[in-house]
Amino acid sequence: MRKLSFLVSFLLLTSAAMTSCSSDDNKSTNTTPITVDQATGTYLGAVENKGEFNIVLKTNKGEFHLNFLSNVVEDENLLEAALRPETYIVSEGGILYTITTKSVVKQGQAAFKLVGGELVVTQVNGTYTFKGVLKDEQGVAYDINYTHAIDIEPIYQTTYEVQNGWYWGDNVFDHPGIAEYMTYFTQGDTNQYGELDENGDGYYISASLFDEMAPKAWEAKIPNKTFKASTEFEVGTFKVGSKEAIENGDYDYSFASFQHNDKAAGIQEELYILDGSIKVMDNEKGQEVRFNIVLENGTRHLGKYIGKVKQGDEYTISTLRADKEVQPLTQGFLEYKGKSPITDKPNNRWNMYLYSGTLTPYPGEYFNVGGAGEWMRVTLYTDVNTTTDIPVGEFPIGEEQAGNAGLGGGSEPGLDWGTWFFQQTINEEGESVTSSFAPTRTGTVKVEKTGDQYTITVNAIDDRENRITASYTGALPLVNNASRAAANQTRGVKQSYGKGKKFDAAKKSRR
């Protein structure tokens, strides 16, 4: 009897072990390992106090479209939407921290609902790990173990198609050392400048972003970061008008603004932007710019642009694109201007005007010049006791102080001072016009003299890092303008610069 009992027990144990092994084998066979090639995410919005996310995993076994219910993303954080780290169970009850049964795996033309399983989601600095097993309605189980960054985006109202912009650098009075990146984006019907056409449909955003100075203005690009709205000139912000300024009718070209026209819907909006964020990042097509902005009527607008982001250089002034050896200079004058009018500058001011032989200078007419050719104005600073001639020696180009040559200042010919290079040509109307110019920023001016003959040697660098070299040998007749009123050299101010309304407003504001 004992032997029979022992035999029955042995058979039962053996059967249980075989069943267990069979179960393990079936689990191993029915669970398919998944290799994820790409993951994208979309935040769909709030549903009954829950945030709805759609995550798409492109895998070796099809596309998994996973519908998550997680925490609601606040409106101001929509450009930084994130799926909360939790354990998400497949469920059809619409419960928080679940994967809903709207989720499917697509294989070719077929789509199979997910009906069971769970994923453990963790996240560190935008890098997510999805780990777990999901089962579809066919009974196939998929083993998912994926770690990678997932860019979760909101639903945008529009995708912008056109962009233009200019780098203005800093303003030594309003925001020294803080650079302005002025830019606009358009979708829809555009005018010749790429702005929204007054009679067309579409969207338009215009903004001035402020950040660190570009190392080279002619290579400037908007830095990759998230810019926040501000009424001040601050690094990492875009400029908006305060409610008070807008209500008072104050105008500033740098105030961010928004337009939306839709004739069919009876919409024609032109509004200031009061708050929000603008996110800039790299993209294989150039850069990507995303907008989450609050308008003065209280509405919120979401949009994005992908493509080349142009920032034309309006900070550097030089038109030179290579080193310049100035034509032989054979005519010259020395102008004494007298003591500096700046109270804390105890020095005298001098100008040397040096011309090529093809030009006709008019020293008695504030040194106007006619004809075609090249010339330089070289500014020198001496002590207040030097009033009849300039000393010999080497003058470094720099700030206004005795012993220096003046660096080139001003924004363009007619609004210029200090040491500059100019080239003049004859236009179709037969007028002499400035066709090329460059202000100096560093370098030296060497003055030598034998009898009444001067030798002037200029070795300078302009604001685009071009080297400018020039020399002059000859007399420098003295023109004493110490008691003469300063010349008003401003030439005709154009009202349009051919780059759009905002550019024109910015340009005028800098005169």
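First, a word on scope: everything that follows refers to the structure included in this document.

Reading the values: the criteria
- Residues numbered from 1 in each chain as written.
- Predicted model: local features only at pLDDT ≥ 70, side-chain atom pairs only at ≥ 80, totals over all residues.
- Heavy atoms only, no water.
- Buried < 20%, exposed > 50% of the residue type's maximum accessible area, 1.4 Å probe, protein only.
- Helix = DSSP H or I, 4+ residues; strand = E, 2+ residues; numbered from the N terminus.
- Contact = heavy atoms within 4.5 Å.
- Phe/Tyr/Trp six-rings, centres within 6.5 Å; stacked < 30°, edge-to-face > 60°.
- Lys NZ or Arg CZ within 6 Å of the ring centre and 35° of its normal.
- Polar contact = N/O pair within 3.5 Å; in protein donor to acceptor, adjacent residues only side chain to side chain.
- Pairing = 2+ DSSP bridges.

## Brief notes about helix α3 (residues 501-509)
1) Next: The set of residues buried in α3 consists of Lys502, Phe503, Asp504, Ala505, Ala506 and Lys507.
2) Next: The secondary structure elements touched by the buried residues of α3 are β13 (162-171), β14 (175-188), β15 (202-212) and β31 (409-412).

## Observations concerning the packing of aromatic side chains
1) Next: Enumeration according to the criterion identifies 27 aromatic pairs in this entry.
2) Next: Here Phe333 and Phe367 contribute two aromatic rings whose centre-to-centre distance is 6.2 Å and whose plane-to-plane angle is 65 degrees, an arrangement assigned as edge-to-face. Linking Phe333 in strand β24 (residues 329-339) with Phe367 in the loop between β26 (359-362) and β27 (368-371), this pair joins segments that are 34 residues apart in sequence.
3) Next: On the basis of relative accessible area, Phe367 is assigned to the buried category, the value being 4%.
4) Next: Cluster of aromatic residues (ring-pair linked, three or more members): Phe333, Tyr353, Tyr355, Phe367, Trp375, Trp420, Phe422 and Phe437.
5) Next: The side chain of Lys239 reaches across the aromatic face of Phe233, ending 4.8 Å from its centre.

## Comments concerning the side chain of Thr183
1) Next: Summarising the element assignment, Thr183 is placed in strand β14.
2) Next: Taking the relative accessible area as the measure of exposure, Thr183 reaches 2% and is therefore buried.
3) Next: Of the polar contacts made by the side chain of Thr183, one reaches the side chain of Gln163; its length is 2.9 Å.
4) Next: A polar contact is formed between the side chain of Thr183 and the backbone oxygen of Asn164, at a distance of 3.3 Å.
5) Next: If we ignore the near neighbours within four places in the chain, the residues touching Thr183 are Gln163, Asn164, Gly165, Ile205, Ser206, Ala207, Leu209, Ile222, Gln311 and Lys502.

## Focus on the pairing of strand β28 (residues 373-382)
1) Next: Taken across its 10 residues, β28 has 10 buried, putting it largely inside the fold.
2) Next: Of the two faces of β28, the one carrying Gly373, Trp375, Arg377, Thr379 and Tyr381 and the one carrying Glu374, Met376, Val378, Leu380 and Thr382 are both buried.
3) Next: Relative to β28, strand β25 (residues 348-356) runs antiparallel, the two being bridged by eight bridges. Across the sheet, Arg349 pairs through a bridge with Tyr381, a residue of β28.

## Focus: the environment of Ala81
1) Next: Considering the arrangement of structural elements, one finds Ala81 in the loop between β4 (62-70) and β5 (87-91).
2) Next: Residue class for Ala81 comes out buried when judged on its relative accessible area of 9%.
3) Next: Residues Ala81 and Gln311 lie 230 residues apart in sequence; the distance between their C-alpha atoms is 29 Å.
4) Next: Excluding residues within four positions of it along the chain, Ala81 makes contact with Tyr43, Val73 and Ile152.

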